[in-house]
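Structure assessment
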Amino acid sequence: MSDPITLRFESRLSVPESRIWQWITSVDGIAAELRPWLRMTAPKGIHSLDDVEVRCGTRLFRSYIFLFGVLPIDYSDMTLLALDPGRGFLEQSPMGSMALWRHERRILPCEDDPDSHLLVDQLTFKPRLAAPLTRWFIRRVFTHRHRVLRRRLRTAA
């Protein structure tokens, strides 16, 4: 089996940290970032991380993943290993397609501008099949996610 793949993505956002946190922990924010590539489900009544009792290391819920919003391709047993409210989280979720899926999402201050923040996604994953294709696809999805983030969070709402 191949070594884990590591990818990093960063976006500088000139909005308050609280606005970024609201976006990255909301079902609507995640859905907007993933469209049109993917759609992930959440149980009825869950609109954000605030609606879930988080016990680090314990599955929050199962999310089904649909390619282009319609073709079921995977599942993710959403699990947070660490949660730093307002600043970030570390997700390590068992998935059907991955021997390892680890996603750290952090909001960091920008030293040169106190009104801006850096949103960093650090991924480490190990696909069960087709590692080069999976790496290409995940890179494409996260590049798109950050493009959406920068466009949608241009100004505080």
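Before any of the text, the structure's been laid out above.
Given the structure is predicted, the values throughout are model-derived calculations rather than measurements. (Residues numbered from 1 in each chain as written. Predicted model: local features only at pLDDT ≥ 70, side-chain atom pairs only at ≥ 80, totals over all residues. Heavy atoms only, no water.)

Overview of the pattern of salt bridges
Short version of the rule: What counts as a salt bridge is simple: a side-chain nitrogen of Lys or Arg found within 4 Å of a carboxyl oxygen of Asp or Glu. By definition, any uninterrupted DSSP run of H or I lasting at least four residues is a helix, any uninterrupted run of E lasting at least two residues is a strand, and each is numbered from the N terminus. Each residue's exposure class comes from its accessible area (1.4 Å probe, protein chains only) as a fraction of the maximum for that residue type: buried when under 20%, exposed when over 50%, partly exposed otherwise.
Applying the stated criterion across every chain yields a total of eleven salt bridges. With a shortest N-O distance of 2.6 Å, R145 and E33 are connected by a salt bridge. Highlighted residues: R145 in helix α3 (residues 131-152) and E33 in helix α2 (residues 27-34), separated in sequence by 112 residues. Since its relative accessible area comes to 7%, R145 is described here as buried.

Here's the deal with the pairing of strand β1 (residues 5-13)
Rules: Pairing between two strands is assigned when DSSP locates at least 2 bridges connecting them.
What you see with β1 is a clean split: I5, L7, F9, S11 and L13 sit on the buried side and T6, R8, E10 and R12 on the side with no burial. Sheet analysis places β1 next to strand β7 (residues 113-127), joined by nine bridges and oriented antiparallel. Its bridge partner lying in β7, L13 is registered against H117.

Here's the deal with unusual backbone geometry
What you tend to see is this: most non-glycine residues have negative phi, and most peptide bonds are trans. The omega torsion across R35 and P36 is 0°, close enough to zero to call that bond cis. Position of P36 among the secondary structure elements: in the loop between α2 and β2 (38-40). Positive phi, close to 55°, is recorded for F68, a residue that is not glycine. A residue is classified by how much of its surface remains accessible, and F68, at 53% relative accessible area, is exposed.

A short note on the pairing of strand β5 (residues 88-92)
Here β5 lies mainly inside the structure; four of its five residues are buried. The turn linking strand β4 (residues 71-84) back onto β5 is made up of three residues, and G86 within it adopts a positive phi angle of 85°. Strand direction decides the pairing type here: β5 and strand β6 (residues 98-110), joined by five bridges, are antiparallel. If you follow G88 over to β6, its bridge partner there is R106. The turn linking β5 back onto β6 is made up of five residues.

Keep in mind these values describe shape, not function.
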